[in-house]
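# Coordinate analysis (summary)
The primary structure of each chain is shown beneath.
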Amino acid sequence: MQPFWITCLYCRRNVPVMLFPGQVRFTIDLRAMDDAGREAILYELSNKMYNICDKRSVSCVIERKHDAIAVNCDPELSSQLNSAALSAFKKMAGDVEVNVPKLMSGAGHDAMAMAHLTKMKLVFVRCRGGVRHSPAELVLDDDVWAAGLAVLAFLENHL
């Protein structure tokens, strides 16, 4: 199964504290490498949610607020940025054996909006616990520095 993220969770109480909330709403940012894969996951997830709610005799409403076609990162740019990241890591840590992690990304953000104009690739900076787009998001200075050095190495090799 491809990853998805629950990005917002809202609970509204209409009962005394320590009991179940009267209503729960949440959003899911669902991404996959292709549209068919995303649709299959959404179908399976929706069915499971409806079944769980039916068993508990609670209502369930699923609304699609936004859809966008899957956009894949360019393989050539990916390879070049991977090399640049290795170069940046060696500048920071010395000549140490390391593998640069590769993440699945059905790209979002501005990259998705620009993909019809040019090739694209994203550089991800790791966050504590993988938490993103939240006040709890935290990145280390060294990780931001490494990402900056990777982008600089890429630009130095391609300009």
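Residues numbered from 1 in each chain as written. Predicted model: local features only at pLDDT ≥ 70, side-chain atom pairs only at ≥ 80, totals over all residues. Heavy atoms only, no water.

### Quick notes on the overall build of the protein
Secondary structure summary: the protein contains four helices and two strands in total. The N-to-C order of helical and strand elements in the protein reads β-β-α-α-α-α. The buried share of the protein, reckoned over its 159 residues, is 19%. In the protein, of all internal contacts separated by at least 6 residues, the share reaching a separation of at least 24 is 52%. (Helix = DSSP H or I, 4+ residues; strand = E, 2+ residues; numbered from the N terminus. Buried < 20%, exposed > 50% of the residue type's maximum accessible area, 1.4 Å probe, protein only. Contact = heavy atoms within 4.5 Å.)

### Quick word on a nonpolar patch on the surface
A surface patch of nonpolar side chains, about 370 Å² in accessible area, is lined by V123, V151, L155 and L159. A relative accessible area of 84% places L159 in the exposed class. (Patch = residues over 30% accessible without salt bridge, like charges linked within 9 Å, V, L, I, M, F, W, Y side chains within 5 Å. Areas by Shrake-Rupley, 256 points an atom, 1.4 Å probe, with all protein chains shown as cover. Salt bridge = Lys/Arg side-chain N within 4 Å of Asp/Glu carboxyl O.)

### Topic: the state of the cysteines
Cysteine pairs can be covalently joined through their sulfur atoms, and such a bond is termed a disulfide. What the rule picks out here adds up to zero disulfides. With no disulfide of its own, C53 lies closest to C60 among cysteine sulfurs, the gap being 4.0 Å. (Disulfide = S-S within 2.5 Å.)

### Notes on the environment of D34
Its place among the elements puts D34 in the loop between β2 (23-30) and α1 (35-55). Looking at D34, the relative accessible area reads 40%, which means it is partly exposed. A sequence separation of 37 residues divides D34 from V71, and the C-alpha atoms of the two residues are 7.6 Å apart. There is a polar contact of 3.3 Å between the side chain of D34 and the backbone nitrogen of A36. Reaching out from D34, the side chain makes a polar contact with the backbone nitrogen of G37 at a distance of 2.5 Å. (Polar contact = N/O pair within 3.5 Å; in protein donor to acceptor, adjacent residues only side chain to side chain.)

### A short note on the pattern of salt bridges
This model, assessed by the stated rule, comprises seven salt bridges. Where D35 meets R38, a salt bridge forms, and the shortest distance between an N and an O atom there is 3.2 Å. With a gap of three residues between them, D35 and R38 both fall in helix α1, about one helical turn apart. Judged by its relative accessible area of 31%, D35 falls in the partly exposed class. Owing to a relative accessible area of 11%, R38 belongs among the buried residues under this scheme. Residues participating in the shared-partner salt-bridge network are E39, R64 and D67.

### Notes on unusual backbone geometry
For S57, which is not glycine, the phi torsion reads 55° and is therefore positive. Here S57 lies in the loop between α1 and α2 (75-93).

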